[in-house]
Each structure stands twice: as C-alpha cells, then as structure tokens.
Amino acid sequence: MTLSPDEIIQRRVALELHEGTLVNLGIGLPTGVSKYIAPSLGILFQSENGIVGMDSRPPEGMEDEELTDAGGGYISAVPGAATVDSTMSFGLIRGGHLDATVLGGLQVDEKGHLANWVVPGKMVPGMGGAMDLVSGARRVLVAMQHTARGNPKIVPECTLPLTATRRVTLIITDLAVIEPTDAGLVLLERAPGVEVAEIVAATSARLIIAEVVPEMAFGG
Amino acid sequence: MKKGVTPEEAAAMISDGAVLMIGGFMGVGSPHRTIAALVERGVRNLTIIANDTAKADYGIGKLIRAGAVARLVASHIGLNPETQRAMIDGVIDVELTPQGTLAEQIRAGGYGLGGVLTKTALGTTAAEGKKIIDIDGEPWLYAPPLKADFALIACDRCDHNGNVSYQLTATNFNPVMAMAAQTVICEPREIVPVGVIPPDHVNTPGVLVNYIIRRGAHQ
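The structure presented is a predicted model; accordingly, all values stated were derived computationally and were not measured.

Visitor: Looking at this structure, I do not really get the overall build of chain B. What am I missing?
Guide: Across its full length, chain B carries 6 helices and 12 strands. Taken over C-alpha atoms, the radius of gyration comes to 17 Å for chain B, in line with the 17 Å a tight globule of 219 residues would show. Taken over the C-alpha atoms alone, chain B extends approximately 55 × 40 × 30 Å along its principal axes. Burial status across chain B gives 53% buried among its 219 residues. Summarising the internal contacts of chain B: among those between residues at least 6 apart in sequence, 71% fall at separations of at least 24.

Here's what the structure looks like:
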C-alpha cells in the first residue's frame, strides 16, 4: 500500500487520539484525520465556533445554514452532540477539557515552539482560536508536511511569530514523528520506507536520534 | 412588548463613529438585513468588534467593502482578503485578538468585571504593549473589558417581549454581545407570540433586547 503524504500524517495522528475524548481538528489537513477514526471509539470532535460532536458534511441539499464548522462550511452533528456559545467553547479549550488539538504548522523549533498564525507583511489571517488551543489543550499535536517547497519547517529557532510559548506534545509529518523534550527534539519514528538520513537532511533543527528508529506502524 | 423596527430604522439609529458588536461566525448567526441597511445608509467611521469579517462582500465583509469601518477588533480575517489588504495598507486599524480572549473581554464588559487574566498569547507578539500581571509569582496576560454602543445580534426565534432563542452554531458570540452593549438590536428569523419559547429555552432574556427587526415582506 502506498500512502500519500497527507494520508501518512492523518493515519499516524489518528493513532494518538484516545477513546471517549474531546478533540479539536484544525481546518485543512487536520480535518482529514477524522476519516481514520472508528465511530466506535466515541471520540467527539469540537469545532471552536460552538459544537461538541461535529460530523462530516451532509449530502447535497440537506445542509442547515445554522450548522457549520469554523470555516463556515456545512457540517452535520453526531447523535449526542451539543452546541454551545463562544464563551463556553473556549472555556472547554482553555479550561483543560479538551484532550487534544491537532493543528497545522508553518514552523516548529528545537524548544517545541509552534509558529502557525502569521507571516508578517504577507499573510495576516489572525490567530482565530489557535493561541487558545495551543495554550489550553491537554495535548498539542502538530500535523504538517515536513518541508515547504523543499525548505525545512522544523528549525533551530522559529523566525515567524510564535503561536504560544508552550512546548507542543508531538510533531507528526509525512517523514517522521518527533517529540520535543527538555533535551531537544527526539526522532521517535520514520514514515514507511523513509531513511533516517532523509529526515535529517529535511530538518534544519538538531535531532536526537536513537540507534534504532522504528517505522510508523499503522496497525490495520 | 418590544418595539419592532425595520432594518432601515435600525440603521438610522446608528451614527457615524459608533462602536458596534456584531454577532456571527463567518456570517453564520449574523444580522444580514441590518448589515445591508447600514451599508445602504452609507454609515462611516465605525468601530466593529466581531469574531471575523466573514468573506468579501458577505456578512460583515459588506461593511468592510463599503468603507464603513475605521477600526476593527477581531480574531480572524483570513477568509476575507479585502480586510487583510485594508489592514496591511493601513486603511483600517485592525486589532487581532485570540478568539477565546475576545469572547471573555466581551463577557467581562457585559458582566461588570474588570477584565480577564489569561495565559493565551503570553510571550507572543500579540501580547506586545499589553499588561502582564504577576499573581503569586505567575505571569498572566491582562485583557480589558469590551463594551459597545450597539450590539447587532441575530437569532432563530424571538418573542414579542424580546426573549431570544438561538439555534446550533449560529449562537456563537450573539448571547455574550447582547450583555455588553448599551442598545441591543435583534434580527430574528422568526417572531413568535410570548409563551411559545419555554423559559428554559430562552438564551437571552428580553430585558436585554431594545429593538426587534421586523419581518421582511417575503419572510
């Protein structure tokens, strides 16, 4: 089985999500993680515009204009879902009620700091909920391509403005799984068929590398 | 019984330079008819406090395109390139605030509190120029309360007394904004007699609502 870079990332992130927990998936690549989560796990997806128990887009013509995700796209709700206002939505996030947030990244550095909300002078989308999510979720999972147009995104020190000064929990890319620790970035796993040397070449940050680095195991 | 007004009458109450909170999240749960009337009236120099500016020429994006906005406090403008352009060109003074902090600043304004202490944005460029308060050796970022002259909110149902019930993800910032403004103008999808909305389904009590936008001809 050959997996696309996005599929590798999404499948590997899915293994980090635990039964019966509340999880926030960012717009874009992280959203696709839900494809690899068995409904029987009872994981509830939160969207910061105010729903606990978001489900996928309804069939054409069945959309409700008052049931949407944080990008304004139509969604449906799982049985047992709840909708909340913005203060409670962020109370869930900041108050430690969210098990994990999965977000994209522009850069992550050796301290495990994430930059993902602005490219000064070029792109000023605003932080939206990202700063609250990275500050408040119990675990912060960064899901991103390892490089951008061939340039490393895992760098010694972020040159873009940080999203938070909190260390992220795990970095999952199409090449590797990396854990930021007190000692630095530890290379935990390789993507299928990827050699350690390729990962090192695609990373400008220093990596701590054990003698044996296992391949990601996707189970089924 | 509350006073029903047309969107045009509501727009006429809002003078140039007013501070408005406008409910909605990417246009979902925004008072679209009231916004259109404000654009039609040619209002200028507004300060808008809102989660986002929706899309170009949609929702709050209509006010941006019309040049009605001088200052904007929002958390996300990424899906409206016209707002981003106006920010970069210095046409609109934009203050970007983390979404959860913005919600709590509005709540503090409406609930009579002196502001919010949060960890969000500590140590980032979004904290530059902001107060850091030390409590028992721990740093917290202080965010002041926000208030407005008008809150323009939208809801699913509203009764003749102004009791409001929201639906699904159209709730978002509407209930908290209804607490934080001098004058609250509510644009419901449906207006129902008093008693139709059971007390425990009322999300915003009618005492907070000053004006109800009347139904349109085709509603």
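Back to the text.
Visitor: Any chance you could explain the overall build of chain A here in plain terms?
Guide: Per the secondary structure count, chain A includes 4 helices and 15 strands. Relative to a compact globule of 220 residues, whose C-alpha radius of gyration would be 17 Å, chain A shows 17 Å and is just as compact. Each principal axis of the C-alpha atoms in chain A carries an extent, and together these give about 50 × 40 × 30 Å. For chain A, buried positions account for 45% of its 220 residues. Across chain A, contacts joining residues at least 24 apart in sequence account for 64% of those joining residues at least 6 apart.

Visitor: Teacher, can you tell me more about the sheet that holds strand S11 (residues 154-155) of chain A here?
Guide: Note on sheets: strands pair through backbone hydrogen bonds, and any given pair is parallel or antiparallel. Judged by pairing direction, the sheet is mixed, and its 3 strands sit side by side in the order S7-S6-S11 (chain A) without closing on themselves. Each edge of the open sheet carries a strand with a single partner, namely strand S7 (114-115) and S11 of chain A.

Visitor: What is the right way to read the nonpolar core from this model?
Guide: A general feature of soluble globular proteins is that nonpolar side chains tend to end up buried together. Of all hydrophobic cores here, the largest spans 125 residues; its most connected members are A:Val142, B:Met21, B:Ile48, B:Ala151, B:Met177 and B:Cys186. Counting residues per element, this core draws most heavily on strand S9 (residues 148-159) of chain B, at 8 residues. For B:Cys186, the contacting residues outside a window of four places in its chain are B:Ile153, B:Cys155, B:Cys158, B:Gly162, B:Val164, B:Val209, B:Ile212 and B:Ile213.

Visitor: Please clarify how helix H5 (residues 99-111) of chain B should be interpreted in this entry.
Guide: At 3.6 residues per turn, the α-helix brings residues three or four places apart onto the same side. For H5(B), which comprises 13 residues, the first-to-last C-alpha distance of 18 Å matches the rise-based estimate of 18 Å (1.5 Å per residue) to within 8%. A large share of H5(B) lies buried, amounting to 12 of its 13 residues. Looking only at H5(B), the buried set comprises B:Gln99, B:Gly100, B:Thr101, B:Leu102, B:Ala103, B:Glu104, B:Gln105, B:Ile106, B:Arg107, B:Ala108, B:Gly109 and B:Gly110. Elements that come into contact with the buried residues of H5(B) comprise helix H2 (86-94) and helix H3 (130-136) of chain A together with strand S2 (19-22), strand S6 (116-118), strand S8 (138-143) and helix H6 (174-177) of chain B. Downstream of H5(B) by one or two residues, B:Gly112 has phi in the positive range, about 75°.

Scoring rules and cut-offs
- Residues numbered from 1 in each chain as written.
- Chains lettered and ligands numbered in written order.
- Predicted model: local features only at pLDDT ≥ 70, side-chain atom pairs only at ≥ 80, totals over all residues.
- Helix = DSSP H or I, 4+ residues; strand = E, 2+ residues; numbered from the N terminus.
- Rg over C-alpha atoms; globule rule 2.2 N^0.38 Å.
- Buried ≥ 20, exposed ≤ 12 C-beta atoms within 10 Å, placed from the backbone.
- Contact = placed C-beta atoms within 7 Å.
- Pairing = 2+ DSSP bridges.
- Core = buried A, V, L, I, M, F, W, Y, C linked by C-beta atoms within 7 Å.
- Expected span 1.5 Å × (residues − 1).

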